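Now for the letters of each chain:
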Amino acid sequence: MKHLLLKLEPIIWLLFGAGLSVGTMLLTGFVLVVGLAIPMGLVPSDALDYERAHALASNGFGRLVLLGLIALPLWKGAHHVRSLSVDFNGGDRDGAVGVLVYTAAALCSLIAIVAVVRL
Amino acid sequence: MTRAAHPEAMAPPKKGPTRTAPPRMPGSWWGAPRIRTYLLFGATGVVYFLAGTVVLHLVWALGKGPDAWATVMASLSHPLYLVFHALTLISVLFVGIRAFGTMMPKMQPRGGPLPVLAPGLVRGLIYSAWAALTLVFSLILAGKIGS
């Protein structure tokens, strides 16, 4: 299993790096407005009522941004969780942890593709 | 005049498995600021992973229709969601400052066709891009710009 992970290393690092950079840039504004400002009443909730949210999300660019906003943090998270496991003396279980976290990230990314396509 | 030593002069006669012990986390890691910061940086992975699933949940609800969207948006006011999103914002700022401000200025490729820029300039450029993107994205989401 470690052999497969080593072969996939360039793809995993690409997605991890994109998650670290692009994911961070996208998440900041999203969490600020959707996660905090709207629920706390600092921004009126009709700013993202269904019609507007759907119009923003359902064009090609909106779908791409949403896919990046979902998938890239997942891959950044998966790789860092694996790295954290290795740091805490998890060298022996690294193969199993790697397969587990990357499979979870890959499955959620596939569901994310379905989610943005069906918008 | 002395000759330079052969680089393999001290090598054992036969190649064998490495005799160095595998790296181990010191028991006092919490008291070491550099290790603690490094581990906190890694721990943001858990928050990022969960944040990705929350956005997936929102987009899935948006695809289901107006009722599901209204329900999921209302659920974001729950204190647990607010605490999680505050934690996500702290994590994102921590990752951004560490990655964009500390790591990336040192990660410029040397010896390539592109000039190596001053670290302060790289830091300023990436921070500016981050701030600009966050501002535009926030204004769009808040309904201040865009249809």
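Computed from a predicted structure; not experimentally measured. Note that residues are indexed from 1 along each chain, following the sequence as it is written. For naming, the first written chain is A and the first written ligand is 1, with later ones following in the order written. Per-residue local features of the predicted model are confined to residues with pLDDT of at least 70, and side-chain atom pairs are confined, for both listing and counting, to 80 or more; whole-chain, interface and lining totals are unaffected and use all residues.

Chemist: For this particular structure, what's the right way to read the overall build of chain A?
Modeler: Here a helix means four or more residues in a row that DSSP labels H or I, a strand means two or more in a row labelled E, and each is numbered from the N terminus. The helix and strand tally for chain A stands at four helices and zero strands. For chain A, the N- to C-terminal ordering of α and β elements is α-α-α-α. Computed over C-alpha atoms, the radius of gyration of chain A comes to 17 Å, more than 25% over the 14 Å expected from 2.2 N^0.38 for 119 residues, which places it beyond the range of a compact globule. For chain A, the C-alpha atoms occupy an extent of roughly 50 × 30 × 20 Å along the three principal directions. Note on burial: count the other C-beta atoms lying within 10 Å of the residue's C-beta; 20 or more is buried, 12 or fewer is exposed, in between is partly exposed, and C-beta positions come from the backbone. Relative to its full complement of 119 residues, chain A shows a buried share of 42%. Considering only contacts in chain A between residues 6 or more positions apart, those separated by 24 or more positions represent 72%. Radius of gyration: C-alpha atoms only; globule rule: 2.2 Å multiplied by the number of residues to the exponent 0.38. By the convention adopted here, residues are in contact when the distance between their C-beta atoms, placed from the backbone, does not exceed 7 Å.

Chemist: Sorry, what's going on with the overall build of chain B here?
Modeler: When its secondary structure is counted, chain B shows four helices and zero strands. Listed N to C, the secondary structure of chain B is α-α-α-α in terms of helices and strands. Relative to its length of 147 residues, chain B is extended, with a C-alpha radius of gyration of 24 Å against a globular reference of 15 Å. By its C-alpha atoms, chain B is 85 × 40 × 30 Å across when sized along the principal axes. Long-range pairs, those at least 24 residues apart, make up 38% of the contacts in chain B between residues at least 6 apart in sequence.

Chemist: Any chance you could explain the nonpolar core here in plain terms?
Modeler: When a protein is soluble and globular, its nonpolar side chains tend to lie buried together. We define the nonpolar core as any set of buried residues of the types Ala, Val, Leu, Ile, Met, Phe, Trp, Tyr and Cys, connected via C-beta atoms lying within 7 Å of each other. By size, the foremost hydrophobic cluster in this structure holds 54 residues, and its most contacted members are F30(A), I70(A) and V59(B). Mapped by element, the contributors of at least two residues to this core are helix 1 (2-37), helix 2 (50-57), helix 3 (60-87) and helix 4 (94-117) of chain A together with helix 1 (33-64), helix 2 (66-75), helix 3 (79-103) and helix 4 (119-141) of chain B. Among the elements that make up this core, the one with the highest residue count is helix 1 of chain B (12 residues). Inspection of this core shows a minimum of three residues originating in each of domain 1 (32-107) and domain 2 (116-147) of chain B. Marked domain ranges trace back to an automatic or database domain assignment.

Chemist: Looking at this structure, I do not really get the domain arrangement of chain B. What am I missing?
Modeler: Residue and element names in this part refer to chain B. Under the domain assignment, chain B is made up of domain 1 (32-107) and domain 2 (116-147). Taking the mean C-alpha position of each, domain 1 and domain 2 sit 18 Å from one another. Contacts between domain 1 and domain 2 engage six residues on the former and six residues on the latter. Split into classes, the residues belonging to the side of domain 1 that touches domain 2 amount to three nonpolar, two polar and one charged. Three categories are distinguished: nonpolar for Ala, Val, Leu, Ile, Met, Phe, Trp, Tyr, Cys and Pro, charged for Asp, Glu, Lys and Arg, and polar for the others, with Gly belonging to the last.

Chemist: So what exactly am I meant to see when it comes to helix 3 of chain A here?
Modeler: If you check helix 3 of chain A, its first and last C-alpha atoms are 40 Å apart, about what 28 residues at 1.5 Å a residue would give, namely 40 Å. After helix 3 of chain A finishes, the residue N89(A) shows a positive phi value of roughly 55 degrees. In this analysis, the expected span of each helix is defined as 1.5 Å times one less than the number of residues it contains.

Chemist: Before we go on, may I ask you to explain the interface of chain A and chain B in this structure?
Modeler: Interface size, as often reported, equals the accessible area lost upon joining of the parts. Each side of the interface is counted separately: chain A has 55 residues, and chain B has 46 residues. For the side of chain A that touches chain B, the elements supplying multiple residues, two or more each, are helix 1, helix 2, helix 3 and helix 4 of chain A. No other element matches helix 1 of chain A, which puts 18 residues into the side of chain A that touches chain B. Per-class residue counts for the side of chain A that touches chain B are 36 nonpolar, 15 polar and four charged.

Chemist: Sorry if this is basic, but what is going on with the packing of helix 1 of chain A against helix 4 of chain B here?
Modeler: Packed helices, taken two at a time, are described by their axes: the angle between them and the distance between them. Close contact between helix 1 of chain A and helix 4 of chain B brings their axes to 8 Å; oriented N to C, the two are set at 35 degrees. The way helix 1 of chain A lies across helix 4 of chain B gives a crossing that is right-handed. Residues M25(A), L26(A), T28(A), G29(A), F30(A), L32(A), V33(A) and V34(A) of helix 1 of chain A touch helix 4 of chain B, and the partners they reach there are W130(B), L133(B), T134(B), F137(B), S138(B) and L141(B). Of the residues in the contact of helix 1 of chain A with helix 4 of chain B, the class split is 10 nonpolar, four polar and no charged. Fitted lines through C-alpha atoms serve as axes, helices being fitted only where they are in contact, and the angles separating the N-to-C directions of these axes extend from 0 to 180 degrees. In a left-handed crossing the near helix is turned counterclockwise from the far helix by less than a right angle, and in a right-handed crossing that turn is clockwise.

Chemist: Explain the packing of helix 1 of chain B against helix 3 of chain B to me, please; I cannot follow it from the model alone.
Modeler: Residues and elements named next belong to chain B. Where helix 1 contacts helix 3, the two axes come as close as 10 Å, and the packing angle between them is 130 degrees. One way to sum up the angle between helix 1 and helix 3 is to call them oblique. As helix 1 packs across helix 3, the resulting crossing turns out to be left-handed. When helix 1 is examined against helix 3, the residues F41, T44, V47, Y48 and A51 are found in contact with a partner set consisting of L87, T88, S91, F94, V95 and R98. Looking at the contact of helix 1 with helix 3, its residues break down into seven nonpolar, three polar and one charged. By definition in this entry, angles of less than 35 degrees are roughly parallel, angles greater than 145 are roughly antiparallel, angles of 65 to 115 are roughly perpendicular, and the rest are oblique.

Chemist: Got a minute to help me understand unusual backbone geometry in this structure?
Modeler: For N89(A), which is not a glycine, the phi torsion comes out positive at approximately 55 degrees. Assignment of secondary structure puts N89(A) in the loop between helix 3 and helix 4.

Chemist: Quick question: what am I supposed to make of the environment of W75(A) here?
Modeler: Residue and element names in this part refer to chain A. With respect to the helices and strands, the residue W75 is situated in helix 3. It is 8.6 Å that separates the C-alpha atoms of W75 and A18, two residues lying 57 residues apart in sequence. Ignoring sequence-local partners within four residues, the contact set of W75 consists of L15, F16, G19 and A105.

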